[in-house]
Amino acid sequence: MKPRFSTGIFTVFLTCSTLLCGNAPEPADPDGIRRLTDQWRAHRRLIDLHQHIDYTPEHLACAVRIMDRAGIGLEVNLSGGTTTRQEGKQADFERNKGLADQLFPGRFVHYMNLDYADWDQADFSERAVKQVEEGHRLGAAGFKEFKRLGLYLRNGAGKLIQIDDPKLDPVWKRCGELGLPVSIHVADPKAFWLPYNDTNERWTELKDHPNWWFGDTNKYPSREALLGALTRVIARHPETTFVCVHFANNAEDLEWVERSLDTYPNMMADLAARIPEIGRHNPENVRRLFIKQQDRILFATDFQVYERLTLGSGGSGPLPTDDDAVAFFEKHWRWLETNDRQFEHMTPIQGDWKIDGVGLPASVLRKIYFDNARRLLVRALPLPMVGAAHIHKDFRPDARMKEPAWQVPAPVHLEYQLRDGAARPEVSTSVRILWSDRYLYLGYECPFTELTVFEPPDRTGERTGLWDRDVVEAFIGSDGENTQHYFEFEVSPNGERLDLELGGRTKGLAWNSGFESDVKVDRKAKVWSVTMRVPLNALSPIPPAAGTRWRLNLYRHDRAHDTFLAWNPTATATAHTPAKFGHLAFAEK
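Residues numbered from 1 in each chain as written. Predicted model: local features only at pLDDT ≥ 70, side-chain atom pairs only at ≥ 80, totals over all residues. Heavy atoms only, no water.

Student: What is the right way to look at the packing of aromatic side chains in this model?
Tutor: Note on aromatic pairs: each is described by the distance of the centres and the angle between the planes. Going through the model one piece at a time under the given rule, you end up with 34 aromatic pairs. Arranged with centres 5.0 Å apart and planes meeting at 85°, the rings of Trp435 and Phe586 form a pair that is edge-to-face. Here Trp435 is found in strand β17 (residues 429-435), whereas its partner Phe586 is found in strand β26 (residues 582-586), with 151 residues between them in sequence. Residues Trp435 and Phe586 agree in their burial class; the two are buried. A ring pair is formed by Phe489 and Trp511, whose centres lie 6.1 Å apart and whose planes are at 65°; its orientation type is edge-to-face. Of this pair, Phe489 sits in strand β20 (residues 486-491) while Trp511 sits in the loop between β21 (497-502) and β22 (516-522), placing them 22 residues apart in sequence. Here Phe489 and Trp511 have matching classes, each one buried. In this structure an aromatic cluster arises from ring pairing among Trp40, Phe299, Phe303, Phe328, Phe329, Trp333, Tyr369 and Phe370. (Phe/Tyr/Trp six-rings, centres within 6.5 Å; stacked < 30°, edge-to-face > 60°. Helix = DSSP H or I, 4+ residues; strand = E, 2+ residues; numbered from the N terminus. Buried < 20%, exposed > 50% of the residue type's maximum accessible area, 1.4 Å probe, protein only.)

Rendered as structure tokens:
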């Protein structure tokens, strides 16, 4: 029986093909690419880096319902709220995050917002930095700044607060120090500075949003001034990552976007609500830019759920339905994945024109859809969970994994580097997990180009430093009272192995669990495989039952590719980071 637990994106129980995880040639034909991307969506691997969801049970549920249909696994809510609090009350951010995490664990990450109420105080910068630090403490994944800077926010004297005001420099700097990416919105489409009448190509949108018109030069600065202030901030803070939303806030000017991304390595661009504009450009020029900047572009939509759905932009027209929202996402897939020409874009209120698809390669789509976001958010991603399928009959480890039981559990894949979350699909390593009443079984399959091992091997004892060569590892924590107590297991391609207990009664290599292993190296297929079985009574005096959850992280060191893969990257220099362990859930018998 296939185990089932949560439906969240970071709960992994679905089958996963080699195409999904990068061990097969990249498809070149449109049908092959669509099959691959449909698999990603079926497994909810996609991340939408730019949403605004009202924090009520009903609105959160609506967002998750639509994302399930669209194939989005992780929703990044940029409207997390501020971290300032009134006496005796939770801060908005703390309350909002707590509600979403309770109702839909693993489906949202949350950005904090800044409270400018004390702007005119002499110590505003210090207070603002404390807000950022509190957001980091509470689990904010990033920092969102709306287009209010330079356009709406004014000081006590009535003057606009500028994007590059020096009082904000400590905020940008501290975000970089804490690893909080900054999603920042400045300016808007060029049409919002053009005459406010029916000659304006965005007139339908502006009529419904008159406060979006910035053509009054006595009241608002030019777009160019806003963009100039933005790039000055980015240049002053090279250690802070700025995700410039709405395709770098300047979707009309591809040359400016390309030049800015070339100039500022700490600048990224999301696609939110600007595909209708980008899609008007020559598709070959867009495709070239996306391929060139494939590590810097992030999938995002500006999807919103409040009293009504907003699909990139909205107005006074009929209320969108769930079906409309799914069609909205489908238009994104069509534009990114196909070479279709002159089709209706996803947000008609943004302009009466058609767009051309850019037909990106699968490797680029993967980065834009989820790999770039995973690396950006590596510090704050929800902890993953994997299920162990129950078996009734024990068997000895056999690295060929011919036992039918190995086909029951869906594999998880080690594809991301331990320290920074960078994707390495070329060495994607699958792991399947089983359990019986006596043992925990793990089976690894590891593609390789060359193997790096100790020679000659020592299979009679345990070698200190085995982790410095090619190896697979499992860190297992069964102690619900002490998260620093866990067990480590390692096996190398030539059969060397070790086990040790950390943070418990013993330390070092002297501890012996009695675990067994088997290794097979297929040099023709360039895959080495490992199976282990670990006695459950060596891991816990209380045997697990169906529904029990232990802590787990899985690793693989591959010297030839200079990479240390982690099931859940720790974003630290070491695998020994228990706070980043995911969850192992024991399925029903």
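Having seen the structure, we can now continue with the description.
Student: Explain helix α14 (residues 362-376) here, please?
Tutor: Think of an α-helix as 3.6 residues a turn; residues three or four steps apart then line up on the same face. Taking 1.5 Å of rise per residue, 15 residues should cover 21 Å, and α14 covers 20 Å from first to last C-alpha, within 8% of that figure. Taking the largest bend as the criterion, α14 deviates by roughly 50°, centred on Ile368. (Expected span 1.5 Å × (residues − 1). Bend = angle between axes of the 7 residues up to and from the residue.)

Student: Please clarify how the environment of Asp253 should be interpreted in this entry.
Tutor: Relative to the elements of secondary structure, Asp253 occurs in the loop between α9 (245-248) and α10 (254-263). Residues Asp253 and Lys190, spaced 63 residues apart in sequence, show a C-alpha to C-alpha distance of 9.9 Å.

Student: Help me understand the pairing of strand β3 (residues 72-77) in this model?
Tutor: Both faces of the sheet carry side chains from a regular strand, because those side chains alternate between them. Counting buried positions along β3 yields six of six residues, so the element is predominantly enclosed. For the segment spanning strand β2 (residues 46-53), helix α3 (residues 57-70) and β3, crossover handedness is right-handed. In this sheet, strand β4 (residues 108-112) lies alongside β3 in parallel orientation, the contact comprising three bridges. Across the sheet, the residue bridging to Glu75 is Phe108, located in β4. (Right-handed = clockwise from strand over helix to strand, strands pointing away. Pairing = 2+ DSSP bridges.)

Student: Help me understand the sheet that holds strand β9 (residues 297-298), please; the structure alone is not making it clear to me.
Tutor: Taken in spatial order, the 10 strands of this open sheet run β9-β8-β7-β6-β5-β4-β3-β2-β10-β11, and their pairing is mixed. Two strands lie at the open edges of the sheet, namely β9 and β11 (309-311), each paired on one side alone. The sheet contact formed by β4 and strand β5 (residues 142-145) spans two bridges and is parallel. Looking at β5, one finds that Tyr111 is bridged to Gly142. Set on the sheet, helix α6 (residues 169-178) makes contact with β5, β6 (182-184) and β7 (242-244); between it and β5 the angle comes to about 150°. (Contact = heavy atoms within 4.5 Å. Axes fitted to C-alpha atoms, helices over the stretch in contact; angles between N-to-C directions.)

Student: Sorry, what's going on with the environment of Ala373 here?
Tutor: Position of Ala373 among the secondary structure elements: in helix α14. Distance in space between the C-alpha atoms of Ala373 and Arg296 is 9.5 Å, their sequence separation being 77 residues. Ignoring anything within four residues of it in the chain, the contact list for Ala373 reads Ile47, Leu49 and Leu298.

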